[in-house]
Amino acid sequence: MGQKKDLTGSERSKIVRYLAEGCSSLKIAKLLKRDHRTIKRFIQNSQQGRKKRVDKPRRKITAHELRKVKRAAAKMPLATSLAIFQSCNITGVPKSTRCAILRDMAKVRKAERRPPLNKTHKLKRQDWAKKYLKTDFSKVLWTDEMRVSLDGPDGWARGWIGKGQRAPVRLRRQQGGGGVLVWAGIIKDELVGPFRVEDGVKLNSQSYCQFLEDTFFKLWYRKKSASFKKNMIFMQDNAPSHASKYSTAWLARKGIKEEKLMTWPPCSPDLNPIENLWSIIKCEIYKEGKQYTSLNSVWEAVVAAARNVDGEQIKTLTESMDGRLLSVLAKKGGSIGR
């Protein structure tokens, strides 16, 4: 009969049951074929109950050290609490205390994502802003594509969980379980689309133009008046399928050419207001960490979320362009972080 091996959960339950039936510790040891000392030790520990936790005295932080921590946190963005305190030569402080101190002077945040802008990019952004500074942006159709996956971004699957509750199970699938490519446009207070790119289709110049023909031109543009078509300015970014000679020539045959086709500066998603629309839709379809089981279900969620975006929200986005242009000029072509 082994003494060192720990009692299993089943054995502990049996000991409690045998004790309730009036069995002695010696008899229980024989029934379970375990060492008598092991059984006695378990019974004694159970009768004594758990020992109260004795909190160790925490290391006190002086006002001088607190000022050093504050300066280090400002100089070391995104650093861990340990790295910040080590840079101040402050040791022996547990993580819970470090975080409590930092919470009074800082916040846990992710790094902001911005396009990589070199000198040439900034100059082109400034030239673009100057060129369109006097444009009536209510006549501009802002377009873009967005890919939505079944699982959504991992960072959006976090939230508060009540004490005693377990976090819900979340599927982990390769590349988010697959996704759907969506195209849409906004002009003034109107949403154009969204339209779904057929599954498995890679958007090159030919497929992009065919997609516009089957969706945008056939379902929306042809219904507009001649005066509307004459004044509308079509905006698209510099994706290869958009800016190719084939696509440019094809759009020209549709009457979208020269001043009716907006030139677009490189690395400038922050200047396109439809990017903010994508954020609104994604927040809605992935709220509370929601996942989807099929491509059709996530597409239906996109359509439903788009319907809930009212004209005032879209108008707010399109009317923000004057402010964006002024911000670009004020920052000398730098990112405006919208």
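Residues numbered from 1 in each chain as written. Predicted model: local features only at pLDDT ≥ 70, side-chain atom pairs only at ≥ 80, totals over all residues. Heavy atoms only, no water.

### Brief notes about the pairing of strand S2 (residues 179–187)
Each regular strand displays side chains that alternate between the two surfaces of the sheet. This is how it is decided: Accessibility here uses a 1.4 Å probe with only protein chains present; expressed as a share of the type maximum, an area under 20% marks a residue as buried, one over 50% as exposed, and anything in between as partly exposed. Numbering of helices and strands runs from the N terminus, with a helix taken as a DSSP run of H or I at least four residues long and a strand as a DSSP run of E at least two residues long. Two strands pair if DSSP finds at least two bridges between them.
Across the nine residues of S2, nine count as buried, placing the element largely inside the fold. Burial of S2 is two-sided: the residues Gly179, Leu181, Trp183, Gly185 and Ile187 facing one way and the residues Val180, Val182, Ala184 and Ile186 facing the other way are all buried. As paired elements, strand S1 (residues 140–149) and S2 share eight bridges and run antiparallel to each other. When the sheet's bridge partners are listed, aspartate 144 is paired in S2 with alanine 184. Relative to strand S3 (residues 190–196), S2 is paired through five bridges, and the arrangement is antiparallel. Bridging across to S3, glycine 185 finds its partner in valine 192. If you look at the hairpin formed by S2 and S3, you'll find two residues sitting between the two strands, and lysine 188 has a positive phi there, around 55°.

### Considering the nonpolar core
As a reminder, the rule being used: Note on terminology: a nonpolar core comprises buried Ala, Val, Leu, Ile, Met, Phe, Trp, Tyr and Cys residues joined through side-chain atoms within 4.5 Å. Here, residues are in contact when the closest pair of their heavy atoms is within 4.5 Å.
Residues Trp128, Trp142, Val148, Met262, Ile281 and Ile285 are the most contacted members of the largest nonpolar core, which totals 40 residues. Where this core is concerned, the elements lending two or more residues are helix H7 (119–131), S1, S2, strand S4 (233–235), helix H12 (274–285), helix H13 (295–307), helix H14 (311–318) and helix H15 (321–330). With seven residues, the top contributor of residues to this core is H13. Residues in contact with valine 148, not counting those within four places in the same chain, are Gly178, Gly179, Val180, Val182, Lys282, Ile285, Tyr286, Val298 and Val302.

### Considerations on H15
As a reminder of what qualifies: Arc, as used here, means the arc of the directions from the helix axis to the C-beta atoms.
Considered for burial, the residues of H15 that qualify are Met321, Arg324, Leu325 and Val328. One side of H15 holds all its buried residues, which, seen down the axis, span an arc of 95°. In H15, the exposed positions that point more than 90 degrees away from the buried face belong to Leu326 and Ala330. Of the surrounding secondary structure, the elements contacted by the buried residues of H15 are H7, S1, H12 and H14. Where H15 ends, the next residue or the one after it, lysine 332, has phi of about 55°, a positive value.

### Section: unusual backbone geometry
In this chain, glycine 193 is followed by proline 194 through a cis amide linkage whose omega measures 5°. Positive phi is not limited to glycine here, since glutamate 258 has a value of about 50°. Within the fold, glutamate 258 resides in the loop between helix H11 (245–253) and H12. One non-glycine residue with positive phi stands out, namely lysine 332, at about 55°.

### Points about the environment of alanine 79
Tracing the backbone shows alanine 79 in the loop between helix H4 (63–75) and helix H5 (81–87). For alanine 79, a relative accessible area of 30% puts it in the partly exposed group. The sequence separation of alanine 79 and valine 108 amounts to 29 residues, and the corresponding C-alpha distance is 9.7 Å.

### Some details on the side chain of serine 320
Applied cut-off: Definition of a polar contact: a pair of N or O atoms within 3.5 Å, with one able to donate and the other able to accept a hydrogen when the atoms are protein atoms, and with sequence-neighbouring residues admitted only if both atoms are side-chain atoms.
Residue position: serine 320 is located in the loop between H14 and H15. Judged by its relative accessible area of 14%, serine 320 falls in the buried class. A distance of 2.9 Å separates the side chain of serine 320 from the side chain of arginine 324, its partner in a polar contact.

### Here's the deal with the sheet that holds S2
Using the following cut-off: Axis lines are fitted through C-alpha atoms, for helices just across the contact stretch, and the angle between N-to-C directions can take any value from 0 to 180 degrees.
Taken together, four strands build an open sheet; the order of strands is S3-S2-S1-S4 and the sheet is mixed. Each end of this open sheet is capped by a strand with a single partner; those strands are S3 and S4. Averaged over all adjacent pairs, the angle separating strand axes in this sheet is 20°, with direction ignored. Most of the contacts of H14 go to S2, to which it runs at about 75°, and overall it touches S1, S2 and S3.

### Topic: the packing of helix H8 (residues 205–219) against H11
Applicable threshold: Oblique is the label for any angle not covered by the other classes, which are roughly parallel (under 35 degrees), roughly antiparallel (over 145) and roughly perpendicular (65 to 115). Take the far helix as the reference: if the near one is turned anticlockwise from it by less than a right angle, the crossing is left-handed, and if turned clockwise, right-handed.
At a minimum axis distance of 8 Å, the contact between H8 and H11 shows a crossing angle of 30°. What the angle tells us is that H8 and H11 run roughly parallel. By crossing handedness, the relation of H8 to H11 is classed as right-handed. Every residue of H11 that contacts H8 at Ser205, Gln206, Tyr208, Cys209, Leu212, Glu213 and Phe217 is listed here: Tyr246, Ser247, Trp250 and Leu251.

### Here's the deal with the pattern of salt bridges
Under the convention used in this document: Each reported salt bridge corresponds to a side-chain nitrogen of Lys or Arg within 4 Å of a carboxyl oxygen of Asp or Glu.
One pass over the full model with this rule turns up ten salt bridges. Between aspartate 270 and arginine 125 there is a salt bridge, and its shortest N-O distance comes to 2.9 Å. One end of the pair, aspartate 270, is in the loop between H11 and H12; the other, arginine 125, is in helix H7, with 145 residues separating them in the sequence. Both residues of the pair, aspartate 270 and arginine 125, count as buried. We note a salt bridge from lysine 224 to glutamate 190, for which the minimum N-O separation is 3.4 Å.

### Description of the packing of helix H1 (residues 9–20) against helix H2 (residues 25–32)
Contact geometry for H1 and H2: axes closest at 10 Å, N-to-C directions at 140°. Our classification of the angle between H1 and H2 gives oblique. Judged by the twist between their axes, the crossing of H1 over H2 is right-handed. Along the contact surface, H1 presents Glu11, Lys14, Ile15, Tyr18 and Leu19, while H2 presents Ile28, Leu31 and Leu32.

### A word on the packing of aromatic side chains
Each pair of aromatic rings is reported with the distance of its centres and the angle of its planes. As a reminder of what qualifies: Working definition: a ring pair exists when centres of Phe, Tyr or Trp rings (six-membered ring for Trp) sit within 6.5 Å. Plane angles under 30 degrees give stacked, over 60 give edge-to-face, the rest tilted.
Per the stated rule, a full pass over the model turns up 15 aromatic pairs. Aromatic side chains tryptophan 183 and phenylalanine 216 sit 5.7 Å apart centroid to centroid with 55° between the ring planes, which places their arrangement in the tilted category. In this pair, tryptophan 183 sits in strand S2 while phenylalanine 216 sits in helix H8, placing the two residues 33 residues apart along the sequence. Ring plane angle 80° and centroid distance 5.5 Å describe the contact between phenylalanine 217 and tryptophan 250, whose orientation is recorded as edge-to-face.

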